[in-house]
Amino acid sequence: MSRSLLKRLVILRHQKCYEHILSRPVSVSSRKDNINNNILSNPEKIDIPRVSIPEFIFGKLETYDEFVAFECPLTHIKYTYAEVRKYSRNLSKILRTKLGLNKGDVVLIYLPNCPQFPIATLGCLEAGLIASTVNSLYTAGEVLRQLKDSSSKIIITTCNLYATVTKAVSELPRKIPIICIKTKPEQLLPQGTIDFYELIKTTLDISDLEPPHFNDAAILPYSSGTTGLPKGVKLTHGNIVANLTQISHPSVNFLECANGNFQEVSPGVLPMFHIYGFTICTMKLLTQGAKVVTMPRFQPETFIDVLKNYPISIIFAAPPLILFLTHHPDVKIEYFKKLKNIMSGAAPLGITDEEKFKEKAGKEVSIFQGYGLTETSPVVSLATPSLLQQFPNDCKGSIGRVLLNTEIKFIKLGDNGGTALAPHEEGELLVRGPQVMEGYHNNPQATKDTFLGDWFRTGDLGHYNEHGFMFITDRVKELIKVRGFQVAPAELEEILRSHPKVADAAVVGIPDEINGEVPRAYIQTKGNVDTRQIYQFVADKVAKYKRLEGGIEVIKDIPKNASGKILRRELKNRYLSKQNT
C-alpha cells in the first residue's frame, strides 16, 4: 500500500469518527454544567482526532471544491476550495524539497489578511514546518525582534511589505530567503525574492510528505501573556485540532455547512495573524465551506462596501467593530438583511452595546460572546445563540459556559494553593484542557510562572454563577487592549527610556470610546522636554495601535513598590479619579 493511500485512509478513518461524534443528537436545554468542588466543566466529553491541522482541514474540503473559499474585495483575487487544497500541497513540497527547509523549521508569515494567507500557512504546516505569524502593521524593529526570537529560516510576505522586511533582515547576521506575493498585476517582484505564485503553481511528481505528528509544534504567534514583552506561544497541531473539534460540537456550533446554493459569508476583518482570526475566522470557516471576504486592514469605506456588496451572514468582531456598525451613519439597515450571528471576542462587550446594535439592525441578530487567549488556541468558553435563547438573563454580558473537555476555576489573587472559589466570588480565572499551549518559546521561566500545576493562569479576573455562566470583570495582567490588539506596557516603557531625555517611564491603558483602551505614558524627565517630540519618537518605532494616543504626562517620580515594580494601577486610578471629578 502506498504512503499516500495509507495517509488518505487514516484521514478518512478520523473523519468518519469525527462525523459520527458530531452527528450524535444533543439536547442543549438538558445540559447542566458540572460544578464539582467549584470547578466548572461540561459533563459531556468528545474524542479529539489525533491528526495534524492539514489532515483535519483537508479531510473536509472535497465536499466544497467548487465553492469560493477566500476572496479579496480590492484585488478580486479569489480561490476555490479545490485551489486552496492544491496550492497548499504544492507549496508544502516545494518548501521541503526545493528550498531546503527541514521539519520543525520556522517560517515567518508576515502578511495582511489576503486569500494567499491560508495557502501559505497550510502549506507550511503540511510540510511539518512551524508558522510564526506576524502583525502586518509591525515596524521593522518589531519584525526583527520576532525574527530573532523565533529563529525563522524564511519569510513569506507581500511586495507592499517588502521594504519593512528588508530593513529588518539587514540587521541579522545571515541572509534569509524572502518569498513575495504580488497583490496587483502591475507590481514588479523585488529583485532577489522568490515568486509565491510560481511556487504554488508548481506541481512536483513526488509522494506526499509524511504528515506532522499531533504533538508537533505548529503555530508560533506572539503574545505578552500576563505581563512583559511579547513571547512566542507554542501551539501544537493537537492544540488547534482540539479547539476546532470543541467549537464544532453541535452544542456550540452556530454555523451551517455550505450546500447547494447556500454558503455562509463572513468579512475577514479580524487579523488572520491573531489566533482569533486564525483558528475561528480562517480554519473553522474552512471546515464549514464558508466564504471569507478578506480585508488587508480595517478601512471604514472598504468595510461598508463589503457589507453592501456581499450577503454577509456571520461577523466575527471585537467590541469596537460592533460600535462602528452601530454608530456609523453610512451603515444601512439593508446591509444586515442576511446577517444572523455576531460573535464578539478579544474584550468584553457591554449589554447596552448589544441592545443598541440590535436596534440599528432592525431585526433579531444573535450577538454572543466568547472567551479565549492566544495561549488557549484560543476558545475556552462560548455563549452561543442556543444558550441566549434558553437563558437570556444568565447570558447577558456573559462569556458563556466552558467548552467540552475543558475545566475552569477561579482562585483568589496570590493563592498558590489554587483553591477554587464558590459562585459569585471574584478571582483569577484558571483553565486546563487540550487546547492549552505547550509553553512559551525559549522562555522556560515565563512558562513556569504562568502555570499553577497543570492549570494555566489567564491573568483575567471574573466569577461565575450557579448555572455555570462566567463573567470577566477586570484583568490582573496590565496589558492594554486597543481594538482587541494586545499592547504590552513594558515594551513602550523600554522605548521611552531609550530616549535621551527620559529618565523613567510608566504606561497604562485608559478608557477610549472607539478603541476600548489607548496607551497613556507617564515620564520622569532629564530637564525640559517637548512631549510632542516624545510622542513622535515612540510612534516611529511601533505599529499605529501602540501609539500613545492617551497622552503623555510628565511627573516627578514613577510610583514603584519596595521591589521596584511599577505601580501602574495606581497611575491608572489617579487618571480615572481626575476624570470623575
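*Asks:* Account for unusual backbone geometry, with residues named and values stated.
*Replies:* A cis amide bond links serine 377 to the next residue, proline 378, at an omega of 10 degrees. Mapped onto the elements of the fold, proline 378 is located in the loop between strand S17 (366-372) and strand S18 (379-382). You will see that asparagine 37, though not glycine, has its phi angle at about 55 degrees, which is positive. If you trace the backbone, asparagine 37 turns up in the loop between strand S1 (34-36) and strand S2 (39-41). The exposure class assigned to asparagine 37 is exposed, which follows from its relative accessible area of 69%. For asparagine 38, which is not glycine, the phi dihedral falls at a positive 65 degrees.

*Asks:* Account for the sheet that holds S17, naming residues and giving values.
*Replies:* If you walk across this open sheet you meet the five strands as S15-S16-S17-S18-S19, and the pairing is mixed. The sheet terminates laterally at strand S15 (314-317) and strand S19 (401-402), the two strands that pair on one side only. The pairing of strand S16 (residues 341-344) with S17 spans four bridges and is parallel. If you follow asparagine 341 over to S17, its bridge partner there is serine 366. Helix H9 (residues 275-288) contacts S15, S16 and S18 of the sheet and is inclined by roughly 160 degrees relative to S15.

*Asks:* Kindly report on the nonpolar core, identifying the contributing residues and their values.
*Replies:* Within the largest apolar cluster, 102 residues are counted, with the highest numbers of intra-cluster contacts made by Ile57, Ile156, Phe196 and Phe316. Sorting elements by how many residues they give to this core places H9 first, with eight residues. Those residues within four positions of phenylalanine 316 in sequence are excluded, and the remaining contacts are Phe254, Ser266, Val269, Leu270, Tyr276, Ile280, Cys281, Leu285, Leu321 and Met343. One finds Leu144, Val165, Leu172 and Ala505 within the second-largest nonpolar core, a separate group that totals 36 residues.

*Asks:* Any details on the packing of aromatic side chains? Residues and values, ideally.
*Replies:* The final tally for this structure, using the stated rule, is 14 aromatic pairs. On the numbers, 5.3 Å between centres and 70 degrees between planes, the contact of phenylalanine 336 with phenylalanine 357 is edge-to-face. Linking phenylalanine 336 in the loop between helix H11 (319-327) and S16 with phenylalanine 357 in helix H12 (residues 351-361), this pair joins segments that are 21 residues apart in sequence. Of the two residues, phenylalanine 336 and phenylalanine 357, both sit in the buried class. Among the aromatic residues, those joined into a cluster by ring pairs are Phe254, Phe316 and Phe368. Above the plane of the ring of phenylalanine 56 lies lysine 60, whose end atom (NZ or CZ) is 4.8 Å from the centre. For the cation-ring pair, arginine 401 lies above phenylalanine 391, with the distance from its terminal atom to the ring centre recorded as 4.9 Å.

*Asks:* Quick one: what's the story with helix H4 (residues 116-126), residue by residue and with numbers?
*Replies:* Side chains that are three or four residues apart share a direction in an α-helix, a result of its 3.6 residues per turn. The buried count for H4 comes to eleven of eleven residues, which makes it a mostly enclosed element. Buried residues of H4: Gln116, Phe117, Pro118, Ile119, Ala120, Thr121, Leu122, Gly123, Cys124, Leu125 and Glu126, and no others.

*Asks:* Break down the pairing of strand S25 (residues 470-475) for me, with residues and values.
*Replies:* Bridge count for strand S24 (residues 455-464) against S25 is five bridges, and the pairing is antiparallel. The residue of S25 that forms the bridge with tyrosine 464 is methionine 470. Between S24 and the antiparallel strand that follows it, S25, lie five residues; glycine 468 among them carries a positive phi value of about 85 degrees.

Cut-offs used in this document
- Residues numbered from 1 in each chain as written.
- Predicted model: local features only at pLDDT ≥ 70, side-chain atom pairs only at ≥ 80, totals over all residues.
- Heavy atoms only, no water.
- Helix = DSSP H or I, 4+ residues; strand = E, 2+ residues; numbered from the N terminus.
- Buried < 20%, exposed > 50% of the residue type's maximum accessible area, 1.4 Å probe, protein only.
- Pairing = 2+ DSSP bridges.
- Contact = heavy atoms within 4.5 Å.
- Axes fitted to C-alpha atoms, helices over the stretch in contact; angles between N-to-C directions.
- Core = buried A, V, L, I, M, F, W, Y, C linked by side-chain atoms within 4.5 Å.
- Phe/Tyr/Trp six-rings, centres within 6.5 Å; stacked < 30°, edge-to-face > 60°.
- Lys NZ or Arg CZ within 6 Å of the ring centre and 35° of its normal.

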